[in-house]
Amino acid sequence: MNESRFIEALRSSRVWEAELPSFDPSDVPAEPVALFRAWFTAAVDAKAAEPHTMALATVGEDGRPDVRIVMLHDADARGWHFGSHAGSAKGRQLAARPEAALTFYWPVQGRQVRVRGRVVTGTAEQAYADLHARTTGALAAALVGHQSEVLGSLDELAGASAAAWERARREPDAPAPGWTVYVVEPAEVEFFQGDAQRRHVRLRYRRTPGGGWDRELLWP
């Protein structure tokens, strides 16, 4: 693709072609998880594509940011949960610097949710339960391991994957060493509601020293 075609494609792209929902920030729960759950359910009802996917940002050993897409496993009073190998790039980064940021984006509704906070790990029992509550494919991927390591060839991957799938089907309770549950305990949570006239509504929850939440509006 030449540069002019890229620029044409970029400038012709549009967002929020559907009618967007309203958002009244004066009528929200006192804490952010309840609002997140309501927005998530609304995104599912609106047929948002893969609403449980989120961008996870961490900081590498060199101090530079790193980001990737992962899946949400739960959101409760503790925070936002996801799983990964402790030996993966993000696992190593979180072990060295247990802080992270998350972003959810549901374009069908023009909504974003941003979360920042400290990251803690769950117990081995929680990690086992988390993995085995998911699909056979998730277990097979965890059994392959080596996440973020250099791969010699696609044939090597195909062989390891086939063996992992066979074991996952044969041993659905098989453990996956290193599989870890991570929880982002929020210090800040922002809810962004897009507006076609660019009068976006941004509401931020901030944790108070006493464990409660302050709420404030932000300029778009």
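All of these numbers come straight from a predicted model, not from anything done at the bench.

## Structural notes on the overall build of the chain
Within the chain one finds six helices and nine strands. When its C-alpha atoms are laid out on the principal axes, the chain stretches across 55 × 55 × 40 Å. By the burial criterion, 35% of the 220 residues in the chain qualify as buried. Per element, the accessible surface of the chain, about 13,100 Å² overall, is 52% carbon and sulfur.

## Side note on the side chain of Q109
With respect to the helices, strands and loops of the structure, Q109 is situated in the loop between β5 (99–106) and β6 (111–121). Given the relative accessible area of 9%, Q109 is considered buried. Polar side-chain contacts of Q109 include one of 3.5 Å to the backbone nitrogen of A43. Setting aside anything within four residues of it in sequence, one finds Q109 in contact with L20, P21, W39, A42, A43, A46 and Q193.

## Here we look at the environment of H200
Within the secondary structure layout, H200 lies in the loop between β7 (179–193) and β8 (201–207). H200 sits 20 residues away from P220 along the chain, and the two C-alpha atoms are 5.4 Å apart. Those residues in contact with H200 that lie beyond four places of it in its chain are W16, F192, Q193, G194, D195 and P220. Polar contacts involving the side chain of H200 include one to the main-chain amide nitrogen of D195, which spans 3.0 Å.

## Looking at a nonpolar patch on the surface
Taken together, L151, L154 and L157 make up a surface patch of nonpolar side chains, about 300 Å² in accessible area. On the basis of relative accessible area, L151 is assigned to the partly exposed category, the value being 42%.

## What to know about the packing of aromatic side chains
Two aromatic rings are characterised by how far apart their centres lie and by the angle between their planes. Under the defined criterion, the tally for this structure stands at twelve aromatic pairs. For the pair W39 and F191, a centre-to-centre distance of 5.2 Å together with 85 degrees between the ring planes defines the contact as edge-to-face. Placement of the pair is W39 in helix α2 (residues 32–45) and F191 in strand β7, with a sequence separation of 152 residues. A relative accessible area of 4% places W39 in the buried class. Since its relative accessible area comes to 0%, F191 is described here as buried. Here the aromatic cluster, defined as three or more aromatic residues joined through ring pairs, consists of F23, W39, F191, Y205 and W213. Above the face of the W39 ring, R111 is positioned so that its terminal group lies 4.1 Å from the ring centre.

## Re the nonpolar core
Membership of the largest hydrophobic core comes to 30 residues, with the highest contact counts inside it found for F36, W80 and V113. Residue assignment for this core shows that the elements contributing at least two residues are α2, β1 (53–59), β4 (80–85), β5, β6, β7 and β8. Residue contributions to this core peak at five residues, all from α2. L131, A164, A174 and A176 belong to the second largest nonpolar core, which has 15 residues in total.

## Structural notes on the pattern of salt bridges
Evaluated as defined, the whole model comprises 13 salt bridges. Between R114 and E190 there is a salt bridge, with its nearest N and O atoms 2.8 Å apart. Placement of R114 in strand β6 and of E190 in strand β7 is noted, with a sequence separation of 76 residues between them. Salt bridges here are not isolated pairs; linked through shared partners, they connect E166, R167, R170 and E171.

## Some remarks on the pairing of β4
Extensive coverage of β4 is indicated by the burial of six of its six residues. Of the two faces of β4, the one lined by W80, F82 and S84 and the one lined by H81, G83 and H85 are each fully buried. As paired elements, strand β3 (residues 74–75) and β4 share two bridges and run antiparallel to each other. Counted as the bridge partner of A75 is W80 from β4. A loop of four residues connects β3 with β4, the two strands running antiparallel in sequence, and G79 in this loop sits at a positive phi of about 150 degrees. In this sheet, β7 lies alongside β4 in antiparallel orientation, the contact comprising six bridges. By the bridge assignment for β7, H81 is matched with V183.

Parameters at a glance
Residues numbered from 1 in each chain as written. Predicted model: local features only at pLDDT ≥ 70, side-chain atom pairs only at ≥ 80, totals over all residues. Heavy atoms only, no water. Helix = DSSP H or I, 4+ residues; strand = E, 2+ residues; numbered from the N terminus. Buried < 20%, exposed > 50% of the residue type's maximum accessible area, 1.4 Å probe, protein only. Areas by Shrake-Rupley, 256 points an atom, 1.4 Å probe, with all protein chains shown as cover. Polar contact = N/O pair within 3.5 Å; in protein donor to acceptor, adjacent residues only side chain to side chain. Contact = heavy atoms within 4.5 Å. Patch = residues over 30% accessible without salt bridge, like charges linked within 9 Å, V, L, I, M, F, W, Y side chains within 5 Å. Salt bridge = Lys/Arg side-chain N within 4 Å of Asp/Glu carboxyl O. Phe/Tyr/Trp six-rings, centres within 6.5 Å; stacked < 30°, edge-to-face > 60°. Lys NZ or Arg CZ within 6 Å of the ring centre and 35° of its normal. Core = buried A, V, L, I, M, F, W, Y, C linked by side-chain atoms within 4.5 Å. Pairing = 2+ DSSP bridges.

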